[in-house]
Number of protein chains: 2
Amino acid sequence: MSTIKVKVPGSIMLMGEHAVLFGEKALACAVDKYIHIELVPRPDSEIHIDSALAQYQSVLEDIADEPKLSFVIAAVRRYSAKLPSGFLLRIQSEFSHKVGLGSSAAVTAGVVAALSAFTNQSLEPQALFDKALKIVHQVQEGRGSGTDLVASIYGAVVSYRVEPREITSLPALPEISLFYAGYKTKTPDVLKIVEAKAVKQPEVYSEIYKLMGLVTEKAEVALKQKNWLALGELMNNYQGLMDALGVSDRSLCDIIYSLRGSGRILGAKISGSGLGDCVLSLGNDSGLTLPYEQIPVGVSAEGVTIEYN
Amino acid sequence: MSTIKVKVPGSIMLMGEHAVLFGEKALACAVDKYIHIELVPRPDSEIHIDSALAQYQSVLEDIADEPKLSFVIAAVRRYSAKLPSGFLLRIQSEFSHKVGLGSSAAVTAGVVAALSAFTNQSLEPQALFDKALKIVHQVQEGRGSGTDLVASIYGAVVSYRVEPREITSLPALPEISLFYAGYKTKTPDVLKIVEAKAVKQPEVYSEIYKLMGLVTEKAEVALKQKNWLALGELMNNYQGLMDALGVSDRSLCDIIYSLRGSGRILGAKISGSGLGDCVLSLGNDSGLTLPYEQIPVGVSAEGVTIEYN
């Protein structure tokens, strides 16, 4: 059997953070930083994984654990009964897993795509998403909306609702920019902080999530119409709601308002759960120098792609 | 007739900015910076006004205009038919009209109180408020919620709804602090900016106002219970909604997040319509030095007071 090559874009949250966990829609965007996965079949039952995070070796009959590769191992285990032989998996990422480009989701989608191809299973996006989400939930003990998976699998911009599941492909964005605050708080920790506030004022928090949902629906309309001015304004509205939730901070505001000060930026908001990580803006001003790391990204029109050599 | 002395506290908005104009409740607070008004009857029909803003002289039979004293002159005109004689009005303020302590409302309430006393009319807070609000609306062409008037007249903290009118006296706050951003945008100009955004997304803005109303109602509950922790959190929630409305900016966020970084501060938000002016915090940390002017204020338990000498 021939080598299988998979290329998966990273992703960023465009809108819907937090509220997506409460039944509202989210919008995510595939970015042009990719994870490359190469599956080379082996004549034996050995599994080799070559990744920047770990060098791994095991056998199909008794797949060993490796915490640094938990998503990959979980995927391999799910497919193990159907695998025709062992294989070498080469995983290369164009971006650090430390900035919020959804590397776990991208690598999971990519490995699932490679293993599906290797076992001659369906590669339809919907099926890929189902399988990858199960693996993410298994590793994260049921947590994770799957929004980043949707973006990595479908490409460009997608709107997504968890339940009842809705996935809609939307046009790609024009230029964007992404700045890293220099630190991040893990999403589960952010969720705990918000939850502690929400139990004291459940009605207020539930209304904030609903309003986030409304802003996201309007943003989906703006995206369909390619009304970038409106989308930028709605990003600003959403950012205020993130602030109301308690997940903005001084550095994030500093980046956001510095960006909004430029005439070339249509809107700016946190991308992700907040309390650190990245600020996303619609528009990019190369003349703007901020004391924060810019992560050069564009939108990837393509989602997961597979190539047989 | 004897001299009438009136002392009126300035006021700050605690919550309800913008939303109060759309039928939601507002919370305002009287502060311990006062305007002092002294009315000395004259044996003739001359009107003399001695104020830092202008020196003014006229006669009852033909009251001249003076743009710098527009609220005062409008009040005198309303009372002119009933005035027993001319008078000297001395107006002294403990604070600049340039920072947002509601000086126009306070001076209007004070002059109306002095003229009511001079003409032996009712000095009940409700009647005083009615008369003062008519004058404010006359000068401002119908604009102004009257929230600052309520606080200056009633003292301590008040909750207020425009229509149907509701005024509720609430307990005074513990320590507060107030920082001036160094610039301000006039309220009517801020309202125009928000209005321009709102016409593009009327549903989003209408829901933001409703949510502001909900947060303010919860804050009123917290105030009644003297639950300062909850009030502080709700101030933070409201600030996010102000940001969602588009009236926060870089300096305001810088002050707000610097304050929130202190363990002695329970909450911080813009006080007033935004895009400049002041940030109000619940709690004060004297160890905190910010590169912004602190306006030393406390809460005034008393509203308008009148003294006959």
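Residues numbered from 1 in each chain as written. Chains lettered and ligands numbered in written order. Predicted model: local features only at pLDDT ≥ 70, side-chain atom pairs only at ≥ 80, totals over all residues. Heavy atoms only, no water.

**Q** Tell me about the nonpolar core, and name the residues and values.
**A** Membership of the largest hydrophobic core comes to 226 residues, with the highest contact counts inside it found for L173 of chain A together with L173 of chain B. Discounting chain neighbours no more than four positions away, the residues touching L173 of chain A are L14, C29, V157, L223, W228, L231, L282 and V299 of chain A. (Core = buried A, V, L, I, M, F, W, Y, C linked by side-chain atoms within 4.5 Å. Buried < 20%, exposed > 50% of the residue type's maximum accessible area, 1.4 Å probe, protein only. Contact = heavy atoms within 4.5 Å.)

**Q** Talk me through the sheet that holds strand β9 (residues 267-271) of chain A; I want residue IDs and the actual numbers.
**A** Residue and element names in this part refer to chain A. With respect to topology, four strands assemble into an open sheet ordered β9-β10-β8-β11, the strand pairing being antiparallel. For this open sheet the edge positions go to β9 and β11 (293-294), each flanked by a neighbour on one side alone. Across two bridges, strand β8 (residues 176-180) lies against β11 in antiparallel orientation. Bridge pairing in β11 links F179 to Q294. Helix α8 (residues 250-260) rests against β8, β9 and β10 (278-282) of the sheet, and its axis sits at about 155° to β9. (Pairing = 2+ DSSP bridges. Helix = DSSP H or I, 4+ residues; strand = E, 2+ residues; numbered from the N terminus. Axes fitted to C-alpha atoms, helices over the stretch in contact; angles between N-to-C directions.)

**Q** Could you give an account of the side chain of S116 of chain B, with specific residues and numbers?
**A** Residue and element names in this part refer to chain B. Relative to the helices and strands, S116 is located in helix α2 (residues 103-118). The exposure class of S116 is buried, given its relative accessible area of 0%. With near-sequence residues (within four places) excluded, S116 lies in contact with Y79, Q121, S122, L123, L128 and K131.

**Q** Describe the interface of chain A and chain B, with residues and values.
**A** Between chain A and chain B, the contact holds 30 residues from the first and 29 residues from the second. When chain A packs against chain B, close to 2,500 Å² is buried across both sides, 56% of that on carbon and sulfur atoms. K197 of chain B is the partner of E233 of chain A in a salt bridge, and the nearest nitrogen-oxygen pair spans 3.3 Å. In this structure, the connection of chain A to chain B is made through 14 residue pairs in polar contact (both at pLDDT 80 or more). Elements represented by at least two residues in the side of chain A that touches chain B include exactly α6 (202-224), α7 (228-245) and α8 of chain A. Looking at which element gives the most residues to the side of chain A that touches chain B, the answer is α7 of chain A, with 10 residues. (Buried area = accessible area lost by both parts, 1.4 Å probe. Salt bridge = Lys/Arg side-chain N within 4 Å of Asp/Glu carboxyl O. Polar contact = N/O pair within 3.5 Å; in protein donor to acceptor, adjacent residues only side chain to side chain.)

**Q** An account of the UniProt feature "domain: GHMP kinase N-terminal" (unreviewed entry) in chain A is needed here, citing residue identities and associated values.
**A** Here, the residues flagged by UniProt with the feature "domain: GHMP kinase N-terminal" (unreviewed entry) are residues 71-155 of chain A. Annotated as residues 71-155 of chain A, this span is 56% helix and 8% strand, and its ends, taken at the C-alpha atoms, are 21 Å apart. (UniProt positions renumbered as here; feature names shortened; annotations may be inferred.)

**Q** Outline the sheet that holds strand β11 (residues 293-294) of chain B, supporting the account with residue identities and numerical values.
**A** All names here are of chain B. Read across the sheet, four strands follow the order β9-β10-β8-β11 without closing on themselves; strand pairing throughout is antiparallel. Because the sheet does not close on itself, it has two edges, and the strands there are β9 (267-271) and β11. Lying on the sheet, helix α7 (residues 228-245) is in contact with β9 and β10 (278-282); it crosses β9 at an angle near 45°. Across the face of the sheet, helix α8 (residues 250-260) comes into contact with β8 (176-180), β9 and β10 while running at roughly 155° to β9.

**Q** Give a description of the relation of the copies chain A and chain B that names residues and reports values.
**A** Each copy of the sequence occupies a distinct position, and chain A is placed on chain B by a rotation of 180° and an axial shift of 0.0 Å, giving an RMSD of 0.0 Å. Such a turn and shift between the copies fits a two-fold axis. Closest to the rotation axis within chain A is the C-alpha of G240 of chain A, separated from it by 2.4 Å. Same-surface contact between copies: 97% of interface residues of chain A are shared with the interface of chain B. (Least-squares fit on C-alpha atoms with pLDDT ≥ 70 in both.)

**Q** An account of the pattern of salt bridges is needed here, citing residue identities and associated values.
**A** Residue and element names in this part refer to chain B. Considering all chains together, one arrives at 34 salt bridges over all chains under this definition. Between R42 and D44 there is a salt bridge whose closest N-O contact spans 2.7 Å. The exposure class of D44 is partly exposed, given its relative accessible area of 28%. With a shortest N-O distance of 3.3 Å, E46 and R42 are connected by a salt bridge.

**Q** I'd like a rundown of the domain arrangement of chain A, residues and numbers included.
**A** Residue and element names in this part refer to chain A. Domain boundaries in chain A define domain 1 (4-171 + 300-308) and domain 2 (176-294). Between the C-alpha centres of domain 1 and domain 2 there is a distance of 25 Å. The interface of domain 1 with domain 2 comprises 26 residues on the first partner and 33 residues on the second. Buried area between domain 1 and domain 2, summed over both chains or domains, comes out near 2,300 Å², and the portion from carbon and sulfur atoms is 71%. If you look at where domain 1 meets domain 2, you find two salt bridges. The partner of E220 in a salt bridge is K25, and the shortest N-O contact between them spans 2.9 Å. On the surface where domain 1 and domain 2 come into contact, there are nine residue pairs in polar contact (both at pLDDT 80 or more). At the level of elements, β1 (4-15), β2 (26-41), β6 (157-161) and β7 (166-170) are the ones that each hand at least two residues to the side of domain 1 that touches domain 2. (Domains from an automatic or database assignment.)

**Q** Tell me about the UniProt feature "domain: GHMP kinase C-terminal" (unreviewed entry) in chain A, residues and numbers included.
**A** Under the UniProt annotation, "domain: GHMP kinase C-terminal" (unreviewed entry) lies at residues 221-285 of chain A. Taken end to end, residues 221-285 of chain A comprises 51% helix and 15% strand; its first and last C-alpha atoms sit 25 Å apart.

**Q** Tell me about the packing of aromatic side chains, and name the residues and values.
**A** Residues and elements named next belong to chain A. Using the criterion set out here, one finds six aromatic pairs over all chains in the structure. Ring geometry for F22 against Y209: centres 4.0 Å apart, planes inclined by 10°, an arrangement best described as stacked. In this pair, F22 sits in the loop between β1 and β2 while Y209 sits in helix α6, placing the two residues 187 residues apart along the sequence. Consider the rings of F87 and F118, whose centres lie 5.9 Å apart with planes at 80°: the pair is edge-to-face. Here F87, found in strand β5 (residues 87-93), pairs with F118, found in helix α2 (residues 103-118); they are 31 residues apart in sequence, far enough to count as distant. Accessibility assignment for this pair places F87 and F118 in one class, buried. Note that K7 overlies the ring of Y34, its terminal NZ or CZ placed 4.3 Å from the centroid. (Phe/Tyr/Trp six-rings, centres within 6.5 Å; stacked < 30°, edge-to-face > 60°. Lys NZ or Arg CZ within 6 Å of the ring centre and 35° of its normal.)

**Q** I'd like a rundown of the state of the cysteines, residues and numbers included.
**A** Applying the stated criterion across every chain, the model contains zero disulfides over all chains. In this structure C278 of chain A is not part of a disulfide, and its nearest cysteine sulfur, from C29 of chain A, lies 13 Å away. Residue classification places C278 of chain A among the buried positions, given a relative accessible area of 2%. In this structure C253 of chain B is not part of a disulfide, and its nearest cysteine sulfur, from C253 of chain A, lies 3.6 Å away. (Disulfide = S-S within 2.5 Å.)

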